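An overview of the molecular structure
Below, each chain spelled out in residue letters.
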Amino acid sequence: MKLKEIGEDAVVEAITRELRFDGRVEVGPGDDCALVRFGQNLQLLKTDCVVEGVHFLLETSARAVGWKALCRAISDIAAMGGDPLDAVITVAISPDRELAWLTDLYAGLNQAAANYGVNLVGGETSRSPGPVFISVALTGKVEKERLVVRSGGKIGDRLYVTGRLGGSLRGKHLSFEPRLAESRWLTENFRLHAMIDLSDGLGSDLPRLAKASGTGFEIDFSALPKNEGCSVEQALADGEDYELLFAVSDDVGAKLEQDWKKAFPELPLTRIGRLTEQKGDLLSKPGYDHFQ
Ligand SMILES: [Mg+2]
């Protein structure tokens, strides 16, 4: 069977089914990051890659590629309520490339690292027979009481998204700002039930959160915060928004909305629906699938 016949989620399920862990592993595959106990601490582990021709093009500025590569991983740490710490970077690249491309890539990585308090502590380089491949492995820490996983959503929870959705390919996917400060503020002030960052589009990522939580969901399509010129369909399916989607109990929603406006006056926070008992696919169009 070919990967494209079964799709990304089923592929991941097939390769992670047989994995066995010892008692230190709190969260294994299937969330935004893994979570392992390390002494008294909870450590987040994330790996992520960007590939030429998939996540960026030959003509994309190498500096922007570096920014994007690290910020994608930071966004996943934020999705668990955590704080990023240290990263190692692997680059596979053709020997025919200019050194300047690589130094520009590292300028972008460095800039993101400086902005979000990450140490770039090492890496690996290899020859690539084809496209450039960049892999980022990132650690993070999270306080037990601030940890948010995908599976904690409850029936009746309100669903919120930060920012605006859709149209990321026009440029935002290379220059987005991971919602780290917003996540840390949310987990400091409110008990979130579930959270995910929107990398593949609300149409893919919301069903993942609901499935992990064992609930269904309902969306108010007219409420979706769309980027200028985007349709509802684009807001659901374009992907690479890197906004946060989270679930909170109905009774804290009003205060959260009010406090958010004071804390982040420039960034919209939108109530887009709720988690329901009714399961089933309420979306006609899913988001991005890497293998389909
Ligand atoms: Mg994610």
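Reference entry: report on the structure contained in this document. Please read these numbers as outputs of a predicted model, since none were measured by experiment.

The helix and strand tally for the protein stands at nine helices and 11 strands. Here the C-alpha radius of gyration of the protein, 19 Å, is about what a compact globule of 292 residues would show, namely 19 Å. By its C-alpha atoms, the protein is 55 × 50 × 45 Å across when sized along the principal axes. By residue count, 40% of the 292 residues in the protein fall in the buried class.

This next bit is on the sheet that holds strand E6 (residues 133–141). Strand order in the open sheet made by the six strands is E1-E2-E3-E6-E4-E5, with mixed pairing throughout. This sheet does not close on itself; its edge strands, each paired only once, are strand E1 (25–27) and strand E5 (119–127). Geometrically, the sheet is characterised by an average inter-axis angle of 25 degrees between neighbouring strands, direction not taken into account. As paired elements, strand E3 (residues 41–51) and E6 share nine bridges and run antiparallel to each other.

This part takes up the sheet that holds strand E8 (residues 194–197). With respect to topology, five strands assemble into an open sheet ordered E8-E10-E7-E11-E9, the strand pairing being antiparallel. Strands with a single pairing partner mark the edges of an open sheet, and in this sheet they are E8 and strand E9 (216–219). Strand-to-strand, the axes of this sheet are offset by a mean angle of 25 degrees, without reference to chain direction. Looking at chain direction, E9 and strand E11 (residues 269–276) are connected through four bridges and run antiparallel. Bridge pairing in E11 places Ile219 opposite Gly273. Taken strand by strand, helix H7 (residues 202–213) contacts E8, E9, strand E10 (244–248) and E11, and its axis lies near 150 degrees from that of E8.

A word on the packing of helix H3 (residues 62–79) against helix H4 (residues 99–116). The relative placement of two packed helices is expressed as an angle between their axes plus a distance between the axes. It is at 6 Å that the axes of H3 and H4 come closest, and there the two elements cross at 40 degrees. The angle between H3 and H4 falls in the class oblique. For the pair H3 and H4, the crossing hand works out as right-handed. The residues of H4 that touch H3, namely those facing Ala62, Arg63, Ala64, Val65, Gly66, Trp67, Ala69, Leu70, Cys71 and Ile74, are Trp101, Asp104, Leu105, Tyr106, Ala107, Gly108, Leu109, Gln111, Ala112, Ala113 and Tyr116. Broken down by class, the residue content of the contact of H3 with H4 amounts to 16 nonpolar, three polar and two charged.

With that settled, consider H7. Look at H7: 16 Å from first C-alpha to last across 12 residues, which is about the 16 Å you get at 1.5 Å a residue. Counting buried residues in H7 gives nine out of 12 residues, a clear majority hidden from the surface. Lining the buried residues of H7 we find E8, E9, helix H8 (232–237), E10 and E11. The positive-phi residue at the C-terminal boundary of H7 is Gly214, with phi of around 70 degrees.

So, about helix H6 (residues 180–189). Burial in H6 covers these residues: Leu180, Glu182, Ser183, Leu186 and Thr187. Looking straight down H6, one finds its buried side chains confined to an arc of 160 degrees; they lie on one side. Lining the buried residues of H6 we find H3, H4, strand E7 (158–162) and E10.

So, on to the pairing of strand E2 (residues 34–38). Strand direction decides the pairing type here: E1 and E2, joined by two bridges, are antiparallel. Pairing of Val27 across the sheet is with Leu35, part of E2. Here E1 folds back onto E2, and the loop between the two strands holds six residues, one of which, Gly30, carries a positive phi near 110 degrees. Note: E2 against E3, five bridges, orientation antiparallel. Looking across to E3, one finds that Ala34 is bridged to Leu45. If you look at the hairpin formed by E2 and E3, you'll find two residues sitting between the two strands, and Gly39 has a positive phi there, around 65 degrees.

A word on the environment of Ser168. Along the chain, the position of Ser168 falls in the loop between E7 and helix H5 (172–175). The class of Ser168 is buried, set by 23 C-beta atoms lying within 10 Å. Distance in space between the C-alpha atoms of Ser168 and Asp251 is 33 Å, their sequence separation being 83 residues. What Ser168 contacts, discounting residues up to four positions off in sequence, is His173, Asp238, Gly239, Glu240 and Asp241.

Here we come to the pairing of E10. Where burial is concerned, most of E10 is hidden: five out of the five residues are buried. Summarising the sheet, E7 and E10 pair through four bridges and their orientation is antiparallel. Bridge pairing in E10 links Leu159 to Ala247. Pairing between E8 and E10: four bridges, direction antiparallel.

About the cut-offs
- Residues numbered from 1 in each chain as written.
- Predicted model: local features only at pLDDT ≥ 70, side-chain atom pairs only at ≥ 80, totals over all residues.
- Helix = DSSP H or I, 4+ residues; strand = E, 2+ residues; numbered from the N terminus.
- Rg over C-alpha atoms; globule rule 2.2 N^0.38 Å.
- Buried ≥ 20, exposed ≤ 12 C-beta atoms within 10 Å, placed from the backbone.
- Pairing = 2+ DSSP bridges.
- Axes fitted to C-alpha atoms, helices over the stretch in contact; angles between N-to-C directions.
- Contact = placed C-beta atoms within 7 Å.
- Parallel < 35°, antiparallel > 145°, perpendicular 65-115°, else oblique.
- Left-handed = near helix turned anticlockwise from the far one by under 90°.
- Nonpolar A, V, L, I, M, F, W, Y, C, P; charged D, E, K, R; others polar.
- Expected span 1.5 Å × (residues − 1).
- Arc of directions from axis to C-beta.

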